[in-house]
Structures are given as structure tokens and as C-alpha cells.
Amino acid sequence: MIHLYGVTQDLEELPALAGLDGSPLERWRIEGLDLVVSRVELDRPEVSQDAVLRHAEVVEELLTRSRSVLPAQFGRAFADEEELSKAVRTKATDLRRSLTRVSGCVEFGLRVVGSGTSDVGARDDGSGRSYMRARLAESKERDRVSQKLHEPLAQLSRESVRFSGGELLVAAYLVPVAEAAVFGQQVRGLEAAHPELTVVCTGPWPPYSFAVDPQEGQG
Amino acid sequence: VNARDQQALKQQVTLLELVDRVLNKGVVVSGDIMLSVANVDLVYVGLRVLLSSVATLEERREELIAEGAGRR
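Let me begin by describing the structure that accompanies this report. (Residues numbered from 1 in each chain as written. Chains lettered and ligands numbered in written order. Predicted model: local features only at pLDDT ≥ 70, side-chain atom pairs only at ≥ 80, totals over all residues. Heavy atoms only, no water.)

**Considering a negative patch on the surface**
So the rule is basically this: Patch membership is restricted to residues that have no salt bridge and whose relative accessible area is over 30%. Joining uses 9 Å for like charges and 5 Å for the nonpolar side chains Val, Leu, Ile, Met, Phe, Trp and Tyr. Using the Shrake-Rupley algorithm and a 1.4 Å probe, accessible areas are obtained, with residue cover drawn only from the displayed protein chains. By definition, a salt bridge exists where a carboxyl oxygen of Asp or Glu is found within 4 Å of a side-chain nitrogen of Lys or Arg. Asp and Glu are treated as the negative residues and Lys and Arg as the positive ones, with His and the ends of the chain left uncounted. Think of each charge as sitting on NZ of Lys, CZ of Arg, CG of Asp or CD of Glu. Working definition: helices are DSSP H or I runs of at least four residues, strands are E runs of at least two. Numbering for both runs from the N terminus.
A cluster of acidic residues, A:D80, A:E81, A:E82 and A:E83, forms a negative patch on the protein surface. For A:E83, the location among the structural elements is in helix α2 (residues 81-102).

Encoded structure:
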């Protein structure tokens, strides 16, 4: 079976790393795109810490060795070269467009934990109606605070995406490399302005969260 | 929270973010989803996060199977 790490454009050289299972990395050129793969013996790649980290390590190396990289999602394997070529040919237009979208950018992840509300619940007098009203006010206030945190970061980004979840804000930002330092300063500024919140910013990552074109398949 | 705990926490969060990205994000060129939960040995990574990632993939696999069946 064949494991795909990523699709790249203008790959300079393969990273000096072994692939999953220790088998060598290979570079295949299909439709003008450089694919980085390795052969795996099992037909079902196992999710282990080693495998996940190795995949991530290879993708990260590709980031610095190519003009643009689309990390591949882990867990999919191809039977042979023909199957992979066919899949890439089918998706070549989308892949090229996505490579252009993420070119020159890195991804930052943001997780903000905290209530984001002060004491809007204090107006609750115990009745069902006032409880609902308080919850609604609280949820609106959370939305307002998370939007206020998100907005300036999104403005520095070429693209951004917010994920739903229990936390105040979970988002990813596609940031031009030249803006990365400014982005970091902005995050530290938000952190300082909101000591009541826990702000965790991770990155720079390869553009995992932006590898799929939101317009995919639409022409 | 002391500085060392904070550092450990940061590393842990970073690892979780990484696993989330590798398993849930990224481009899908095609191919079948073939993920085995066997021999999961993620020492530092919260199993709950991993399992929810796997659950997402399982759902998608079922969707793909359903789609494939519809096409035939």
C-alpha cells in the first residue's frame, strides 16, 4: 500500500527522513505536482503515536522545501501507483488551486478558554423565563467576546476558520509568513488584555486546516 | 500554576493540536479510509481526543460506503 504525506509544488528535495515503518520516502510527479509517499506493508495504517508524529514531521519538512504544500489527511492508503495517479488526475484542478491559496502561508491555531461573560446570569430570579433570558444574554455576550478576539487576527490572515466547540474560541488562521511576527504580537496583546482568559496559540503549522478548498468541486 | 507545569501543559496542548490536524484535517486525495484503532499507543495524547478523531473518520467511511453504494 502507499501512504501519502502531502502534495507539493516545486519540491526542492526530499526530507532526509524515513517514512512510516522506516521505508524510504519517494517523490512522484503526477500532473505537474510533486507527491511525497512511502510504501507501507500493512493495508491499514495504524494510528500510533510514532506514525502520527512521523507523518507530521515529514509534512513539516515539506513546508520548508517546497513553494507550497497541502498536507494529506492521515489514514488513507492507496493500493498502487495507478490508483493514486488516477485520484490525483481527477482532483488536479482543485489541488492546484489549493496550493496557490496556501502558498507562502503558515497556519496558527488558537484556543481560548474562559467564560467570556462577567455576571450576566445575576439577573436570574429563579423563574424559568428569566433563566432562559439570562442564558441567552450569556450566549450573546460570549459570541461578542469571541468575535472581538477573532476579528483582528482574521484581518491579518489570508483565510481563517472558526470551529464550533465548547470553548470560547477555537480557530485556525492562514497567515502569510511575512505577517507571522505581527500575528504573534497581536495574540500576545489579546492575552495581556484578557488576563481572565486562557489563550493558547500553536504554530506555525503546515496549512492542515486550509488544505481543503471551501469551493472544492465548484468548477 | 508554576512555569514547569505551564510548559508541560503547552506541550500537551500542542501535541493534541497536532494529532487533531493530522487525523482530521488535511487534503483527501481519495482512496479508502483505512484506519485501524488497534495498537493505539498514544502515551501523551489524550485518548478521548484520538477516539473522537477516529469516530469522525468512521462516520466518513460510512458516508463514503453509502455514497459508493448509491453510485453503483
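**Some details on helix α3 (residues 128-155) of chain A**
All names here are of chain A. Let me state the cut-off plainly: To estimate how far a helix should reach, multiply one less than its number of residues by 1.5 Å. Relative accessibility thresholds used throughout: buried, under 20% of the residue-type maximum; exposed, over 50%; partly exposed, between the two (1.4 Å probe, protein chains only). Residue contacts are defined here by distance: any two heavy atoms, one from each residue, within 4.5 Å place the two residues in contact.
For α3, built from 28 residues, the straight-helix expectation of 40 Å at 1.5 Å per residue is met to within 8% by its first-to-last C-alpha distance of 40 Å. Buried residues of α3: S130, A134, V145, S146, L149, H150, L153 and A154, and no others. Close packing links the buried residues of α3 with β6 (105-113), β7 (159-163), β8 (169-176) and α4 (180-193).

**Focus on the sheet that holds strand β9 (residues 198-205) of chain A**
Sheets are built from strands that pair by backbone hydrogen bonding, the pairs being arranged parallel or antiparallel. Residue and element names in this part refer to chain A. Keep this limit in mind: Strands are labelled as partners when DSSP assigns at least two bridges between them. In this analysis an axis means a line fitted to C-alpha atoms, helices contributing only their contacting stretch, and an angle means the value between N-to-C directions, from 0 to 180 degrees.
Ordered in space as β7-β8-β6-β9, the 4 strands form an open sheet in which the pairing is antiparallel. The open sheet terminates on both sides in strands that have one partner only, identified here as β7 and β9. Averaged over neighbouring strand pairs, the angle between their axes works out to 15° when direction is ignored. The pairing of β6 with β8 spans 8 bridges and is classified as antiparallel. In the strand pairing of β8, V106 is matched with V175.

**Concerning α4(A)**
Given 3.6 residues to a turn, an α-helix orients residues that are three or four positions apart in the same direction. Residues and elements named next belong to chain A. Heads up, the condition is: The arc in question is formed by the directions pointing from the helix axis toward the C-beta atoms.
Look at α4: 20 Å from first C-alpha to last across 14 residues, which is about the 20 Å you get at 1.5 Å a residue. Turning to α4, its buried residues are F183, G184, V187 and L190. Taken around the axis of α4, the buried residues stretch over an arc of 120°, which confines them to a single face. Facing away from the buried surface of α4 by more than 90 degrees, the exposed residues are A181, Q185, R188, A192 and A193. Structurally, α4 contributes buried residues whose contacts are with β6, α3, β8 and β9.

**Considerations on the nonpolar core**
Note the following rule: Throughout this description, the term nonpolar core refers to a set of buried Ala, Val, Leu, Ile, Met, Phe, Trp, Tyr and Cys residues connected via side-chain atoms within 4.5 Å.
Counting 24 residues, the largest nonpolar core has A:L4, A:V7, A:L35, A:L70, A:L84, A:V88 and B:V29 as the members making the most contacts within it. Secondary structure elements with two or more residues in this core: β1 (2-9), β2 (26-30), β3 (33-39), α2 and β8 of chain A. Among the elements that line this core, the one with the most residues is α2(A), at 6 residues. If we skip the residues at most four places from it in the chain, B:V29 touches A:L4, A:V7, A:F78, A:L84, A:A87, A:V88 and A:K91. The next biggest cluster of nonpolar side chains, apart from the first, holds 21 residues, and it includes A:L11, A:L25, A:Y208 and B:V19.

**Some points on the state of the cysteines**
Residues and elements named next belong to chain A. Formally: The term disulfide is used for any two cysteine sulfur atoms that are within 2.5 Å.
In total, this model carries 0 disulfides over all chains according to the counting rule given. Summary of cysteine pairing: C105 is not part of a disulfide, and the nearest cysteine sulfur, belonging to C201, is at 15 Å. For C201, a relative accessible area of 33% gives the class partly exposed.

**Observations regarding the pattern of salt bridges**
Using the criterion set out here, one finds 17 salt bridges over all chains in the structure. Across the pair A:R54 and A:E57 runs a salt bridge whose closest N-O atoms are separated by 3.4 Å. With A:R54 and A:E57 both in helix α1 (residues 49-65), this residue pair falls 3 residues apart, about one helical turn. Taking relative accessible area as the criterion, A:R54 reaches 25% and is therefore assigned partly exposed. In the salt-bridge network here, residues are joined through shared partners; they are A:E107, A:R111, A:E167, B:E17 and B:R21.

**Comments concerning unusual backbone geometry**
Residues and elements named next belong to chain A. The residue after G203, namely P204, is reached through a cis peptide bond having omega 0°. With respect to the element layout, P204 can be found in strand β9. Residues other than glycine seldom take positive phi values, yet D10 does so here, at roughly 55°. On the basis of relative accessible area, D10 is assigned to the partly exposed category, the value being 43%. In this model, E31 sits at a positive phi of 55°, which is unusual for a non-glycine residue. For E31, the position within the fold is in the loop between β2 and β3.

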